[in-house]
Amino acid sequence: MDTITTVDPAAARLDGSYYQTWYPVCLAGEVLAGTLLGVDILDTRVIVYRDDTGRAVVQSAWCPHLGADLSQGTLVEGQVRCPYHHWRFDRGGACSHIPTGDRIPSAARIVTYPTAEAWGFIWLFNGTTAMFDPPRMPDATEADLDWAAHFRGIRSGPGEAALSNGVDFQHLRTLHGLNTTEPDEITVRDHEIEFRVEAAGYSQHGIISGMSTFAQHLTPAGRDLFMLFCGAPIDRTRRRSFFTVGIPRRVDRQDGGQDESQALENLGVFVERLLSEDEPILERMRLRRGTLVASDRHLARYFRYAKEFPRAVPPGI
Ligand code: FES
Ligand SMILES: [Fe+2]
(Lines give C-alpha, C1' and ligand atoms only; values in the text may rest on other atoms or scores of the structure.)
(Ligands and ions follow the chains in the order given, each with its own letter.)
Protein backbone atom coordinates (compact mmCIF):
# COMPACT_ATOMS: atom_id res chain seq x y z
CA MET A 1 0.00 0.00 0.00
CA ASP A 2 1.54 3.28 -1.05
CA THR A 3 -0.97 5.81 0.10
CA ILE A 4 -3.53 5.91 2.86
CA THR A 5 -6.07 8.68 3.08
CA THR A 6 -7.67 10.00 6.23
CA VAL A 7 -10.89 11.89 6.72
CA ASP A 8 -11.20 15.54 7.52
CA PRO A 9 -12.05 15.61 11.24
CA ALA A 10 -13.17 19.22 10.92
CA ALA A 11 -16.17 18.10 8.89
CA ALA A 12 -17.35 15.85 11.70
CA ARG A 13 -17.38 18.71 14.16
CA LEU A 14 -20.09 20.75 12.48
CA ASP A 15 -22.96 18.97 14.23
CA GLY A 16 -22.30 20.37 17.70
CA SER A 17 -20.94 17.10 19.01
CA TYR A 18 -17.73 16.31 20.85
CA TYR A 19 -16.07 13.00 21.54
CA GLN A 20 -17.67 10.87 24.22
CA THR A 21 -14.53 10.80 26.26
CA TRP A 22 -13.06 11.97 29.55
CA TYR A 23 -11.93 15.59 29.30
CA PRO A 24 -9.76 17.44 31.85
CA VAL A 25 -11.75 20.36 33.23
CA CYS A 26 -9.18 22.00 35.50
CA LEU A 27 -6.34 21.28 37.88
CA ALA A 28 -7.63 19.42 40.92
CA GLY A 29 -5.67 21.82 43.11
CA GLU A 30 -7.81 24.71 41.87
CA VAL A 31 -10.89 23.22 43.50
CA LEU A 32 -10.48 23.78 47.20
CA ALA A 33 -13.23 23.02 49.71
CA GLY A 34 -15.81 25.78 49.41
CA THR A 35 -14.63 26.88 45.94
CA LEU A 36 -17.24 27.18 43.20
CA LEU A 37 -15.41 27.34 39.90
CA GLY A 38 -16.85 28.11 36.45
CA VAL A 39 -15.15 26.61 33.40
CA ASP A 40 -15.96 27.06 29.71
CA ILE A 41 -15.67 23.70 28.00
CA LEU A 42 -17.21 21.92 24.97
CA ASP A 43 -19.04 25.05 23.87
CA THR A 44 -20.85 25.21 27.17
CA ARG A 45 -20.03 26.06 30.77
CA VAL A 46 -19.74 23.90 33.86
CA ILE A 47 -19.37 24.46 37.57
CA VAL A 48 -16.85 22.50 39.61
CA TYR A 49 -16.83 22.12 43.38
CA ARG A 50 -16.34 19.54 46.12
CA ASP A 51 -19.20 18.01 48.05
CA ASP A 52 -19.06 17.65 51.82
CA THR A 53 -17.07 14.42 51.48
CA GLY A 54 -14.46 16.18 49.33
CA ARG A 55 -15.48 14.47 46.10
CA ALA A 56 -15.41 16.64 43.01
CA VAL A 57 -18.70 17.47 41.29
CA VAL A 58 -19.03 18.82 37.74
CA GLN A 59 -22.43 20.13 36.68
CA SER A 60 -23.96 22.34 34.03
CA ALA A 61 -23.53 26.01 34.92
CA TRP A 62 -26.90 27.09 33.53
CA CYS A 63 -29.69 27.53 36.06
CA PRO A 64 -32.88 25.84 34.79
CA HIS A 65 -35.00 28.72 36.11
CA LEU A 66 -33.88 31.52 33.78
CA GLY A 67 -30.40 30.47 32.82
CA ALA A 68 -28.21 32.42 35.21
CA ASP A 69 -24.58 31.35 35.45
CA LEU A 70 -24.39 29.26 38.62
CA SER A 71 -20.66 29.86 38.93
CA GLN A 72 -21.64 33.36 40.07
CA GLY A 73 -23.58 31.75 42.89
CA THR A 74 -22.56 30.44 46.28
CA LEU A 75 -22.03 27.10 47.96
CA VAL A 76 -24.47 26.85 50.86
CA GLU A 77 -24.35 23.75 53.05
CA GLY A 78 -22.71 21.82 50.22
CA GLN A 79 -25.32 22.88 47.68
CA VAL A 80 -25.12 25.35 44.82
CA ARG A 81 -27.25 28.45 45.26
CA CYS A 82 -28.09 30.42 42.13
CA PRO A 83 -27.04 34.08 42.36
CA TYR A 84 -30.33 35.32 40.88
CA HIS A 85 -33.36 33.94 42.78
CA HIS A 86 -31.48 31.63 45.15
CA TRP A 87 -32.79 28.29 43.91
CA ARG A 88 -30.56 25.56 45.28
CA PHE A 89 -29.25 22.38 43.65
CA ASP A 90 -27.83 19.29 45.29
CA ARG A 91 -24.83 17.22 44.19
CA GLY A 92 -27.15 15.02 42.13
CA GLY A 93 -28.41 18.06 40.22
CA ALA A 94 -31.91 18.19 41.72
CA CYS A 95 -33.39 21.49 42.82
CA SER A 96 -33.73 21.24 46.59
CA HIS A 97 -35.07 24.63 47.53
CA ILE A 98 -36.99 27.57 46.05
CA PRO A 99 -37.15 30.52 48.47
CA THR A 100 -40.69 31.54 47.43
CA GLY A 101 -42.00 28.17 48.61
CA ASP A 102 -43.30 27.25 45.15
CA ARG A 103 -43.61 23.58 44.33
CA ILE A 104 -40.31 22.43 42.80
CA PRO A 105 -40.87 21.50 39.13
CA SER A 106 -39.46 18.12 38.12
CA ALA A 107 -37.59 19.84 35.27
CA ALA A 108 -35.72 22.00 37.75
CA ARG A 109 -32.50 20.01 37.46
CA ILE A 110 -28.98 20.64 36.31
CA VAL A 111 -26.95 18.00 34.49
CA THR A 112 -24.36 16.26 36.64
CA TYR A 113 -21.52 14.90 34.54
CA PRO A 114 -19.69 11.68 35.34
CA THR A 115 -16.75 13.11 37.26
CA ALA A 116 -13.33 11.76 38.21
CA GLU A 117 -10.19 13.03 39.86
CA ALA A 118 -6.96 11.54 38.56
CA TRP A 119 -3.35 12.58 37.97
CA GLY A 120 -3.95 16.09 39.23
CA PHE A 121 -7.03 16.89 37.18
CA ILE A 122 -10.79 16.98 37.56
CA TRP A 123 -12.30 15.17 34.58
CA LEU A 124 -15.78 15.10 33.14
CA PHE A 125 -17.15 12.51 30.78
CA ASN A 126 -19.07 13.90 27.84
CA GLY A 127 -22.25 11.88 28.30
CA THR A 128 -24.79 10.91 30.91
CA THR A 129 -22.84 7.79 31.88
CA ALA A 130 -19.15 7.05 31.45
CA MET A 131 -18.42 4.49 28.76
CA PHE A 132 -14.94 3.63 30.06
CA ASP A 133 -12.48 4.38 32.86
CA PRO A 134 -10.65 7.70 33.27
CA PRO A 135 -7.18 7.95 31.67
CA ARG A 136 -4.36 6.00 33.27
CA MET A 137 -0.59 6.16 33.35
CA PRO A 138 1.16 3.12 31.87
CA ASP A 139 2.80 0.90 34.51
CA ALA A 140 2.13 3.17 37.48
CA THR A 141 -0.50 4.28 39.94
CA GLU A 142 -0.52 7.70 41.56
CA ALA A 143 0.89 6.14 44.73
CA ASP A 144 3.89 4.77 42.83
CA LEU A 145 5.17 8.14 41.66
CA ASP A 146 6.18 11.58 42.68
CA TRP A 147 4.25 13.58 40.17
CA ALA A 148 3.11 17.08 39.37
CA ALA A 149 0.26 18.31 37.18
CA HIS A 150 0.52 21.51 35.15
CA PHE A 151 -1.72 23.76 33.10
CA ARG A 152 0.15 24.40 29.86
CA GLY A 153 -2.14 27.09 28.47
CA ILE A 154 -4.89 27.77 25.97
CA ARG A 155 -4.00 26.59 22.52
CA SER A 156 -5.60 26.61 19.10
CA GLY A 157 -5.41 23.91 16.49
CA PRO A 158 -7.25 20.61 16.32
CA GLY A 159 -7.08 18.37 19.38
CA GLU A 160 -7.04 15.35 17.08
CA ALA A 161 -3.71 16.50 15.71
CA ALA A 162 -2.22 17.10 19.16
CA LEU A 163 -3.30 13.64 20.25
CA SER A 164 -1.89 12.06 17.10
CA ASN A 165 1.55 13.01 18.43
CA GLY A 166 1.32 9.91 20.61
CA VAL A 167 1.56 7.57 17.64
CA ASP A 168 3.49 9.88 15.30
CA PHE A 169 6.79 8.10 15.77
CA GLN A 170 8.48 9.87 12.87
CA HIS A 171 8.10 13.31 14.38
CA LEU A 172 9.94 12.19 17.51
CA ARG A 173 13.01 11.95 15.32
CA THR A 174 12.39 14.72 12.78
CA LEU A 175 10.92 17.44 14.97
CA HIS A 176 12.19 16.57 18.44
CA GLY A 177 15.50 15.03 17.38
CA LEU A 178 15.04 12.06 19.69
CA ASN A 179 16.82 8.83 18.99
CA THR A 180 13.75 6.60 19.06
CA THR A 181 12.26 3.75 17.16
CA GLU A 182 8.69 2.64 16.62
CA PRO A 183 6.55 -0.37 17.45
CA ASP A 184 5.75 -3.03 14.89
CA GLU A 185 2.14 -2.72 15.82
CA ILE A 186 -0.23 -0.75 17.96
CA THR A 187 -3.21 -2.29 19.73
CA VAL A 188 -6.43 -0.47 19.01
CA ARG A 189 -9.37 -1.09 21.31
CA ASP A 190 -12.76 0.61 21.38
CA HIS A 191 -11.60 3.45 23.62
CA GLU A 192 -7.82 3.30 23.75
CA ILE A 193 -4.69 2.65 21.74
CA GLU A 194 -1.70 0.98 23.36
CA PHE A 195 1.80 0.18 22.15
CA ARG A 196 5.20 -0.91 23.42
CA VAL A 197 8.64 -0.29 22.04
CA GLU A 198 11.56 -2.35 23.30
CA ALA A 199 15.00 -1.33 22.09
CA ALA A 200 18.53 -1.52 23.43
CA GLY A 201 18.72 0.73 26.49
CA TYR A 202 15.29 2.16 25.86
CA SER A 203 11.64 1.25 26.13
CA GLN A 204 8.40 3.09 25.62
CA HIS A 205 4.91 2.10 26.73
CA GLY A 206 2.25 4.46 25.47
CA ILE A 207 -1.52 4.67 25.84
CA ILE A 208 -3.94 6.98 24.11
CA SER A 209 -7.02 7.06 26.36
CA GLY A 210 -10.25 8.03 24.69
CA MET A 211 -9.78 11.13 22.57
CA SER A 212 -8.20 13.48 25.08
CA THR A 213 -5.11 11.93 26.61
CA PHE A 214 -1.77 10.41 25.74
CA ALA A 215 0.37 8.97 28.51
CA GLN A 216 3.69 7.19 28.32
CA HIS A 217 6.35 5.47 30.38
CA LEU A 218 9.82 5.96 28.92
CA THR A 219 13.03 4.37 30.10
CA PRO A 220 15.91 6.24 28.48
CA ALA A 221 19.23 4.97 29.85
CA GLY A 222 17.44 2.91 32.47
CA ARG A 223 15.59 5.83 34.07
CA ASP A 224 11.83 5.67 34.50
CA LEU A 225 10.01 8.73 33.22
CA PHE A 226 6.26 9.13 33.16
CA MET A 227 4.26 11.78 31.37
CA LEU A 228 0.63 12.37 30.58
CA PHE A 229 -0.64 14.95 28.10
CA CYS A 230 -4.29 15.90 27.95
CA GLY A 231 -6.54 18.62 26.67
CA ALA A 232 -10.14 19.69 26.34
CA PRO A 233 -11.86 21.95 23.82
CA ILE A 234 -13.20 25.24 25.12
CA ASP A 235 -15.02 25.69 21.83
CA ARG A 236 -14.39 24.97 18.16
CA THR A 237 -11.16 26.91 18.01
CA ARG A 238 -9.52 26.82 21.43
CA ARG A 239 -8.54 24.08 23.83
CA ARG A 240 -6.92 23.88 27.23
CA SER A 241 -3.70 21.94 27.39
CA PHE A 242 -2.39 20.18 30.50
CA PHE A 243 0.34 17.73 31.38
CA THR A 244 1.55 15.66 34.31
CA VAL A 245 5.09 14.41 34.82
CA GLY A 246 6.15 11.70 37.24
CA ILE A 247 9.14 9.72 38.46
CA PRO A 248 9.23 6.71 40.78
CA ARG A 249 9.04 7.54 44.46
CA ARG A 250 12.43 7.66 46.11
CA VAL A 251 12.07 4.28 47.84
CA ASP A 252 11.74 2.62 44.45
CA ARG A 253 14.44 4.49 42.65
CA GLN A 254 17.90 3.23 41.78
CA ASP A 255 19.46 6.54 40.84
CA GLY A 256 21.63 7.03 43.89
CA GLY A 257 19.29 9.47 45.60
CA GLN A 258 19.22 12.34 43.17
CA ASP A 259 17.04 15.03 44.61
CA GLU A 260 13.46 14.16 43.66
CA SER A 261 12.10 17.61 43.22
CA GLN A 262 15.03 18.47 40.98
CA ALA A 263 14.51 15.33 38.90
CA LEU A 264 10.82 16.08 38.56
CA GLU A 265 11.59 19.66 37.61
CA ASN A 266 14.09 18.49 34.99
CA LEU A 267 11.47 16.19 33.51
CA GLY A 268 9.01 19.08 33.45
CA VAL A 269 11.55 21.19 31.55
CA PHE A 270 12.08 18.36 29.07
CA VAL A 271 8.34 17.98 28.51
CA GLU A 272 7.89 21.73 28.11
CA ARG A 273 10.60 21.64 25.46
CA LEU A 274 8.74 18.92 23.56
CA LEU A 275 5.50 20.87 23.80
CA SER A 276 7.11 24.10 22.68
CA GLU A 277 8.44 22.31 19.60
CA ASP A 278 5.04 20.81 18.77
CA GLU A 279 2.81 23.77 19.48
CA PRO A 280 3.84 26.23 16.75
CA ILE A 281 3.14 23.52 14.19
CA LEU A 282 -0.10 22.30 15.73
CA GLU A 283 -1.37 25.86 16.04
CA ARG A 284 -0.90 26.60 12.37
CA MET A 285 -1.84 23.33 10.75
CA ARG A 286 -5.09 22.75 8.96
CA LEU A 287 -5.75 19.09 9.61
CA ARG A 288 -7.16 17.59 6.46
CA ARG A 289 -7.48 14.56 4.29
CA GLY A 290 -3.85 13.60 4.19
CA THR A 291 -1.71 11.80 1.72
CA LEU A 292 -0.11 9.22 3.91
CA VAL A 293 2.54 6.68 3.04
CA ALA A 294 3.22 3.19 4.30
CA SER A 295 5.38 4.48 7.16
CA ASP A 296 2.33 6.39 8.40
CA ARG A 297 0.36 3.21 9.04
CA HIS A 298 0.07 3.80 12.79
CA LEU A 299 -1.08 7.35 12.18
CA ALA A 300 -3.59 6.13 9.62
CA ARG A 301 -4.94 3.65 12.14
CA TYR A 302 -5.21 6.40 14.74
CA PHE A 303 -7.19 8.61 12.38
CA ARG A 304 -9.59 5.76 11.71
CA TYR A 305 -9.94 5.25 15.48
CA ALA A 306 -10.70 8.98 15.82
CA LYS A 307 -13.20 8.90 12.98
CA GLU A 308 -15.06 5.96 14.50
CA PHE A 309 -14.95 7.30 18.05
CA PRO A 310 -18.45 7.96 19.45
CA ARG A 311 -19.54 11.56 19.67
CA ALA A 312 -22.40 13.36 21.37
CA VAL A 313 -23.68 16.85 21.92
CA PRO A 314 -22.77 17.57 25.56
CA PRO A 315 -25.69 17.14 27.93
CA GLY A 316 -26.60 20.32 29.73
CA ILE A 317 -25.54 22.57 26.90
S1 FES B 1 -32.14 32.14 37.33
FE2 FES B 1 -31.44 30.82 38.88
S3 FES B 1 -32.90 30.99 40.44
FE4 FES B 1 -33.65 32.28 38.87
FE1 LIG C 1 5.59 15.94 19.85
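All of the points below concern the structure found in this document.

Parameters and conventions
- Residues numbered from 1 in each chain as written.
- Chains lettered and ligands numbered in written order.
- Predicted model: local features only at pLDDT ≥ 70, side-chain atom pairs only at ≥ 80, totals over all residues.
- Heavy atoms only, no water.
- Pairing = 2+ DSSP bridges.
- Helix = DSSP H or I, 4+ residues; strand = E, 2+ residues; numbered from the N terminus.
- Donors = N, O, S within 2.8 Å, 3.2 Å for Na, K, Ca; no water.
- Buried < 20%, exposed > 50% of the residue type's maximum accessible area, 1.4 Å probe, protein only.
- Expected span 1.5 Å × (residues − 1).

A few points about the sheet that holds strand 10 (residues 95–97)
Taken together, the four strands give an open sheet; going across it, the order is 7-8-9-10, and neighbouring strands pair in antiparallel fashion. Taken across any chain shown, the strands that pair with only one partner, and hence form the sheet edges, are strand 7 (74–76) and strand 10.

Remarks on the coordination of the iron ion (ligand 2)
Here the iron ion (ligand 2) is held by Asn-165 (OD1), His-171 (NE2), His-176 (NE2), Asp-278 (OD) and Asp-278 (OD), and the distances to it run 2.0 to 2.4 Å. Here the donor residues for the iron ion (ligand 2) map to a single chain with the spacing N-x5-H-x4-H-x101-D. Its relative accessible area of 6% is what places His-176 among the buried residues.

Observations concerning helix 5 (residues 297–308)
With twelve residues, helix 5 should reach 16 Å at 1.5 Å per residue; the first-to-last C-alpha distance of 17 Å fits that figure. Three or more residues of helix 5 are buried, namely His-298, Leu-299, Ala-300, Tyr-302, Phe-303, Tyr-305 and Ala-306.

Observations concerning unusual backbone geometry
The backbone of Asp-139 sits at a positive phi, close to 70°, despite the residue not being glycine. Relative to the assigned elements, Asp-139 resides in the loop between strand 12 (121–125) and strand 13 (145–156). The class for Asp-139 is partly exposed, based on a relative accessible area of 45%.

A word on the pairing of strand 12
Burial of strand 12 is extensive: five of the five residues sit out of reach of the surface. Burial of the side chains of strand 12 extends over both faces: Phe-121, Trp-123 and Phe-125 are buried on one face and Ile-122 and Leu-124 on the other. Sheet topology note: the strand 3 (residues 22–27)/strand 12 ladder contains five bridges and is antiparallel. Counted as the bridge partner of Leu-27 is Phe-121 from strand 12. Examined bridge by bridge, strand 11 (residues 115–118) and strand 12 share four bridges and lie antiparallel to one another. Residue pairing for strand 12: Ala-116 is matched across the bridge by Trp-123. Between the end of strand 11 and the start of strand 12, which pair antiparallel, lie two residues, with Trp-119 showing a positive phi angle near 50°.

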